[in-house]
Amino acid sequence: MPEINEAWLAVGGTPGPLSRVSAVTRADTLGARLPVRNLARACVGACALAAAELGARRAGLAEVPAVTVDDGAVAAAFHSERLLRVDGRAPDTFAPLSRFWRTRDGWVRTHANYPHHRDRLLRVLGLPRDASPERVADRLAGRSAAETEEAVYDAGGLAVALRTPGQWQAHAQAAEVAARPLVERDRPDTARARVLPALDPDAAVLLPAAGLRVLDLTRVLAGPVATRTLALLGADVLRVDPPRLPELPDQHADTGFGKRSAVLDLTTDRDTFEELLGRADVVVTGYRPGALDRFGLAPEDLAARRPGLVVAQVSAWGAYGPWGGRRGFDSLVQVATGIAVTEGTAGEPGALPAQALDHGTGYLLAAAVLRALTEQSYEGGSRLVRLALARTARWLTSGTGPTPNSETRPTPDPETRPTPNSETGPTPNSETGPAPNSGTGPAPGGEASGVAPAEGAAPRPDPDAWLAETDSALGRLRHARPAVSFAGGPAGWRRPPVPWGTDPAAWW
């Protein structure tokens, strides 16, 4: 599995522990022209190995616990926001104006899930707030894609013109992205690291992040996936949002497992934030680069005020280059980087079978944080880690990442055939399938393999194996089980998601 090796080395891992990883491969998951299944397996595998390594370090184990990566569990996790059910209700994932549109000279993709982004898009088009998709389509048909992209961006909205892979490679932002590693890692000082308490090697469940305080300043979707994973592993994760910018309810439910949720106005209550920062071990930020700088929350500033801190930053385009300050989402990065062309047809753009850039980057971000904590336990020093969806896209689409053309797209069912208005392509097993095992072996019906597994080695098990149901204050939740799995590790979250903003902005 060379792709797991690459992901593991990207987060700073050494080759030795890789022998502890095995995979259950399933050729019917995450089918696409690009090697999405390989990327997903690599990101989750690296994260699970980083968790097992930190757990072994803190518990004084003689060897790193065995890691099992099941393609079925991974596929379910990568579709988690679409598999969620709240009291039987399917999630509201994408608004009517979040889609592809034909323009005078091509295609443009808009993202208008949040009301303020919708309003800005409509303002650029000179349309009222209640304008229908048909009126938007008619207005965009007379505009150029590039002009729409710039006009909507200038208004604070989100629209990206469709580009071919070659057009993206010629773009100045693509050159900046290509010049960076998959995971940027920095040690800005030699501060003495806080000593993490030892873990009981005989505990029923090994929680590598137990006792860690994680301040979660993220939004859709990669950052919340990372912090949801840290919560799974035992961290006290406190998500903090501005009071005037509520999260979309279903996305909050999907990514809120194991966390608490508070609101805090940084313009009026800086003292409370500084109290939180003063006791935090990890801060994860997911706003566009520069958006938090005016509050003194640039990664370097955070580490300076809290020596020994691990600061993790995720963005769409990277914190550099001409697009360094732009907003972005997975679907828009797919459109800009040529993925939508690769996954489309001669007449229409397409999409990956899941929001794989978001999910993959989220698991890599969690892996980078876990590895930074392991490094700190030996060497001390603050740590800064940065990832970008555009850089993950480059890994997916280039020869330096998972083996290109290693997967072929299956013929989709008519009901799941991708259209210009769909957010993602077909979702094999997405409505019914895939969840992980305990980390000690494959799921029922699966077949464990070593580091060079044969594709399609395992038959399809009962799809419900990778789904669970949980009661919560939000209702009865059906959701994907965790994909991060290692021997002795957690099989689920300790608590369900809570309603947005209902916890105090304080550590336990």
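Everything below is about the structure shown above.
None of these values were measured; they are calculated from a predicted model.

Right, let's talk about the sheet that holds strand 3 (residues 85-86) for a bit. What holds strands together in a sheet is hydrogen bonding between their backbones, with the strands either parallel or antiparallel. One open sheet holds the three strands; their spatial order is 3-16-15, and the pairing between them is antiparallel. Among the strands making up the open sheet, the edge pair consists of strand 3 and strand 15 (467-472). Note: strand 15 against strand 16 (residues 475-480), six bridges, orientation antiparallel. What sits directly across from L467, in strand 16, is A480.

Attention shifts here to empty space enclosed by the protein. A full pass over the atoms with the stated rule returns seven cavities of 30 Å³ or more. Taken as a whole, the largest cavity encloses approximately 120 Å³ of empty space. Counting residues per element, the ones that place at least two in the lining of the largest cavity are helix 10 (222-232) and strand 16. Residue contributions to the lining of the largest cavity peak at three residues, all from helix 10. Tallied by class, residues from the lining of the largest cavity come to nine nonpolar, three polar and three charged.

This part is about the side chain of D265. Mapped onto the fold, D265 is located in the loop between strand 10 (259-263) and helix 12 (270-279). A polar side-chain atom of D265 sits 3.2 Å from a polar atom in the side chain of R244. With residues up to four places along the chain from it excluded, the contact list for D265 reads P243 and R244.

With that settled, consider the nonpolar core. In this structure, W317 and Y363 are the most contacted members of the largest nonpolar core, which totals 117 residues. Looking at which element gives the most residues to this core, the answer is helix 2 (residues 36-59), with 16 residues. Grouped together as the second largest cluster of nonpolar side chains are 23 residues, L266, L276, Y287 and W507 included.

Conventions we followed
Residues numbered from 1 in each chain as written. Predicted model: local features only at pLDDT ≥ 70, side-chain atom pairs only at ≥ 80, totals over all residues. Heavy atoms only, no water. Pairing = 2+ DSSP bridges. Helix = DSSP H or I, 4+ residues; strand = E, 2+ residues; numbered from the N terminus. 1 Å grid on protein atoms, 1.4 Å probe; cavity = no way out; pocket = protein on both sides within 12 Å on 5 of 7 lines; lining within 4 Å. Points joined across faces, edges and corners; volume = space filled by probe spheres on them. Nonpolar A, V, L, I, M, F, W, Y, C, P; charged D, E, K, R; others polar. Polar contact = N/O pair within 3.5 Å; in protein donor to acceptor, adjacent residues only side chain to side chain. Contact = heavy atoms within 4.5 Å. Core = buried A, V, L, I, M, F, W, Y, C linked by side-chain atoms within 4.5 Å. Buried < 20%, exposed > 50% of the residue type's maximum accessible area, 1.4 Å probe, protein only.

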